[in-house]
Amino acid sequence: MKLMNYDTKYLIMQNVGSNIKKVPSTYTPCQYQILCRLIRQKKITKQFFEFLLLHLYDLSDWKQLDYQQMYNLIHVLTFYDYT
């Protein structure tokens, strides 16, 4: 390939690696395990958990959460002030 036939910007951009990660469409098994562990450790009741699902995501079944929603739910349950 002759370098003189391409402009500098094109050559630079061809050598830049892409670090974009694809986000899964559903929650991962690891997220599920983390959620289960949080529920046990924090002693979260079923009523409170359903309350959060309903008011945060307008869902009644946690299995309908996508990756990002599950990530946010885990964050909320981890840092929520239970006192």
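Computed from a predicted model, the values in this text were never measured in an experiment.

S.K.: Before we go on, may I ask you to explain the packing of aromatic side chains in this structure?
M.R.: If you walk through the whole model with that rule in mind, you get five aromatic pairs. Ring centres of Phe-48 and Tyr-80 lie 5.3 Å apart, and the angle between their planes is 50°; this geometry places the pair in the tilted category. Within this pair, whereas Phe-48 is found in helix H3 (residues 46-57), its partner Tyr-80 is found in the segment after helix H4 (67-79), the two being separated by 32 residues in sequence. On the basis of relative accessible area, Tyr-80 is assigned to the partly exposed category, the value being 39%. Ring geometry for Tyr-80 against Tyr-82: centres 5.1 Å apart, planes inclined by 70°, an arrangement best described as edge-to-face. In textbook terms, an aromatic cluster arises when at least three aromatic residues are bridged by ring pairs, as seen for Tyr-27, Tyr-32 and Trp-62.

S.K.: Whenever I open this one, the packing of H3 against H4 confuses me. Can you help?
M.R.: Helix-helix packing is described using two parameters, namely the angle between the two axes and the distance between the axes. Here H3 crosses H4 at 130°, and the two axes come no closer than 12 Å. Between H3 and H4, the angle falls in the class oblique. As H3 runs across H4, the sense of the crossing is right-handed. Counted together, Phe-48, Phe-49, Leu-52, Leu-53, Leu-56 and Tyr-57 of H3 and Gln-69, Asn-72, Leu-73, Val-76 and Leu-77 of H4 form the full contact between these two elements. Taken together, the residues of the contact of H3 with H4 sort by class into nine nonpolar, two polar and no charged.

S.K.: I keep staring at H3 and nothing clicks. Help me out?
M.R.: Since the α-helix turns once every 3.6 residues, residues separated by three or four places project in the same direction. Relative to the 16 Å expected for twelve residues at 1.5 Å per residue, H3 spans 16 Å between its end C-alpha atoms, a close match to the ideal helical length. Along H3, the residues classified as buried are Phe-49, Leu-52, Leu-53 and Tyr-57. The arc enclosing the buried residues of H3, seen along the axis, measures out at 95°, which places them on a common side. Away from its buried face by more than 90 degrees, H3 exposes Gln-47 and His-55. The elements touched by buried residues of H3 are helix H2 (29-42) and H4. Downstream of H3 by one or two residues, Asp-58 has phi in the positive range, about 55°.

About the cut-offs
Residues numbered from 1 in each chain as written. Predicted model: local features only at pLDDT ≥ 70, side-chain atom pairs only at ≥ 80, totals over all residues. Heavy atoms only, no water. Phe/Tyr/Trp six-rings, centres within 6.5 Å; stacked < 30°, edge-to-face > 60°. Helix = DSSP H or I, 4+ residues; strand = E, 2+ residues; numbered from the N terminus. Buried < 20%, exposed > 50% of the residue type's maximum accessible area, 1.4 Å probe, protein only. Axes fitted to C-alpha atoms, helices over the stretch in contact; angles between N-to-C directions. Parallel < 35°, antiparallel > 145°, perpendicular 65-115°, else oblique. Left-handed = near helix turned anticlockwise from the far one by under 90°. Contact = heavy atoms within 4.5 Å. Nonpolar A, V, L, I, M, F, W, Y, C, P; charged D, E, K, R; others polar. Expected span 1.5 Å × (residues − 1). Arc of directions from axis to C-beta.

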